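# Residue-level structure breakdown
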Amino acid sequence: MNPTYHIGIMSGTSLDGVDVALVDLSPLPPSLLHTFYLPYDKDLRRQLLDLHQPGNDELHRAAMLGNTLAHRYAKAVIELLKENKVEPQNVVAIGCHGQTVRHCPQSGMGYSIQLGNAALLAELTGITVVADFRSRDIAAGGQGAPLVSGFHQLLFQDPKIHRVIVNIGGISNITSLAPNLEVVGFDCGPGNLLMDSWCLRHIGTTYDGNGVWAESGKVIPVLLEKFMSLRFFSLPPPKSAGREVFNSAWLESYLSGHEKPEDVQATLLQLTITTITNSILADFSDAAEIYLCGGGARNKALTSKLQASLPGKKVKLTDVLGANADWLEAFAFAWLAKQTILGVPGNLPPVTNAKGERILGAIYQA
Ligand SMILES: Nc1ncnc2c1ncn2[C@@H]1O[C@H](COP(=O)(O)OP(=O)(O)O)[C@@H](O)[C@H]1O
Ligand SMILES: [Mg+2]
């Protein structure tokens, strides 16, 4: 029997954990069959965060963390398959994004580094692994990001309605699907990552559930204005960003130290909303429908304020289109792996700014 399924593994800039999706890509639309989430522990998150900056013996630390991640990814895959009585032989390939520790696509010498030893993952699972999706697009002059836009197009393009998909992960990114026009996509700015780190520092939880803490504070308009003065926000697309730009040091460089922590949180929530809203209104003001996905789409304060800032537009979760907002990125990397195995390009040059379509990733055979 020929293998039928694909697996996508996503571990994003939020550093919250590993999303694994078992999918069937043969029907149209493709279907999400089973999922598994493995959260990161505090220690692993700390070690990954440390690797975002230059530091002692970082090559060794990166290699060792790559091995640790491969073991975590394999554990999640094996659990998922066991729970659902699926044999590894029934899986064509795993698309593994890896854990980004550096994203520097700019200039002719750009690079983006995702950790997660793909060879070890293939060895531990007995399944072919596709990894390192971003490098080829960057080598072709692109940003290497966002890579999910092609999958958004496959799932959500409507022949008559201009739709925008907003993925609110650690960083937020956007895909515009206008009928009869090229797909456009780019990173808008911080999604959850600044809110998460501020929250951890002040109330000790990894995120601000439903934005309740943010809502107990007040937006500080001058602080928001300072945040918004960052050149990244006014740059035209294509553009992408990571923790190189949006990190605790960047946040603290704007603080006097006298702000109430909950007011800073309210301002960070507003920053996420303002950057997404501005991106939509500046470039896709005629879009009628906005669909949200990623963990930030579960933040009720965020979604209701976003709806309020986009009057006249329908703002919903991708769930209403039949695609669970929590698993869309893992789903997309399963699809990207299939593209690679079939020898079909996975990038969209108008989105990443690559010189052309490219077959992405490296294949580690089972
Ligand atoms: N109920 C919720 N309220 C607020 N934030 C949430 C909620 N659920 C998830 N999140 C946010 O979503 C993040 C995870 O989103 P995810 O899409 O996995 O991002 P990434 O792709 O960067 O890992 C969490 O770190 C948290 O900030
Ligand atoms: Mg995540």
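Residues numbered from 1 in each chain as written. Chains lettered and ligands numbered in written order. Predicted model: local features only at pLDDT ≥ 70, side-chain atom pairs only at ≥ 80, totals over all residues.

### Observations regarding the overall build of the protein
Within the protein, the secondary structure is distributed over 14 helices and 13 strands. On C-alpha atoms alone, the protein measures out to a radius of gyration of 20 Å, which is about the 21 Å that the 2.2 N^0.38 rule sets for 366 residues. Referenced to the eigenvectors of the C-alpha coordinate spread, the extents of the protein come out at roughly 60 × 55 × 45 Å. The burial tally for the protein puts 50% of its 366 residues in the buried class. (Helix = DSSP H or I, 4+ residues; strand = E, 2+ residues; numbered from the N terminus. Rg over C-alpha atoms; globule rule 2.2 N^0.38 Å. Buried ≥ 20, exposed ≤ 12 C-beta atoms within 10 Å, placed from the backbone.)

### What about the domain arrangement of the protein?
Domain boundaries assigned for the protein yield domain 1 (5-144 + 327-364) and domain 2 (149-321). Distance from the C-alpha centre of domain 1 to the C-alpha centre of domain 2: 23 Å. Residue-level contacts link 21 residues of domain 1 with 26 residues of domain 2. Elements with a contribution of two residues or more to the side of domain 1 that touches domain 2: β5 (99-104), α13 (328-342) and α14 (349-352). (Domains from an automatic or database assignment. Contact = placed C-beta atoms within 7 Å.)

### A few points about the sheet that holds strand β7 (residues 129-131)
Spatially, β3-β2-β1-β4-β7-β13 is the arrangement adopted by the six strands of the open sheet, whose pairing is mixed. The open sheet has two edge strands, β3 (31-39) and β13 (362-364), and neither has a second partner. The average angle at which neighbouring strand axes cross in this sheet is 20°, direction not considered. Sheet analysis places β7 next to β13, joined by three bridges and oriented antiparallel. By the bridge assignment, Val-129 is partnered in β13 with Tyr-364. (Pairing = 2+ DSSP bridges. Axes fitted to C-alpha atoms, helices over the stretch in contact; angles between N-to-C directions.)

### Focus on the pairing of strand β10 (residues 184-190)
Within β10, six of the seven residues are buried, which leaves it mostly tucked inside the rest of the structure. Bridging between strand β9 (residues 171-177) and β10 involves six bridges; their strand directions are antiparallel. Paired with Ile-174 across the bridge in β10 is Phe-186. Hairpin connection between β9 and β10: a loop of six residues separates the two successive antiparallel strands, and Asn-180 in this loop has a positive phi of roughly 65°.

### Side note on helix α6 (residues 193-203)
Taken as a whole, α6 has its buried residues at Leu-193, Leu-194, Met-195, Asp-196, Ser-197, Trp-198 and Cys-199. The inward-facing, buried residues of α6 contact β9, β10, α7 (212-215), α10 (248-252) and α11 (261-283). Looking one or two residues past α6, Gly-204 carries a phi angle of roughly 80°, positive in sign.

### Here's the deal with the packing of α6 against α11
Running from amino to carboxyl end, α6 crosses α11 at an angle of 165°, the nearest separation of the two axes being 9 Å. Judged on the interaxial angle alone, α11 and α6 are roughly antiparallel. Between α6 and α11 lies a crossing whose hand is left-handed. Packed against α6, whose contacting residues are Leu-194, Met-195, Trp-198, Cys-199 and His-202, the element α11 presents Pro-261, Val-264, Gln-265, Leu-268 and Leu-269 at the interface. Class assignment for the residues of the contact of α6 with α11 results in eight nonpolar, two polar and no charged. (Parallel < 35°, antiparallel > 145°, perpendicular 65-115°, else oblique. Left-handed = near helix turned anticlockwise from the far one by under 90°. Nonpolar A, V, L, I, M, F, W, Y, C, P; charged D, E, K, R; others polar.)

### Observations regarding the nonpolar core
Counting 97 residues, the largest nonpolar core has Ile-7, Ile-9, Val-20, Tyr-73, Ile-94, Val-129 and Ala-334 as the members making the most contacts within it. Here this core spans two domains, and each of domain 1 (5-144 + 327-364) and domain 2 (149-321) adds at least three residues to it. In this view, Ala-334 contacts His-6, Ile-7, Gly-8, Ala-21, Val-23, Leu-25 and Gly-95; residues no more than four positions away in its chain are not counted. (Core = buried A, V, L, I, M, F, W, Y, C linked by C-beta atoms within 7 Å.)

### Here we look at the sheet that holds β10
Taken together, the five strands give an open sheet; going across it, the order is β10-β9-β8-β11-β12, and neighbouring strands pair in mixed fashion. Edge strands, defined here as strands with exactly one partner in the open sheet, are β10 and β12 (314-317). Taking the axes of each pair of neighbouring strands and ignoring which way they run, one obtains an average angle of 20° across the sheet. Relative to strand β11 (residues 289-293), strand β8 (residues 163-168) runs parallel, the two sharing five bridges. If you follow Ile-165 over to β11, its bridge partner there is Tyr-291. On the sheet, α11 packs against β8, β9, β10 and β11 and is oriented at approximately 155° with respect to β10.

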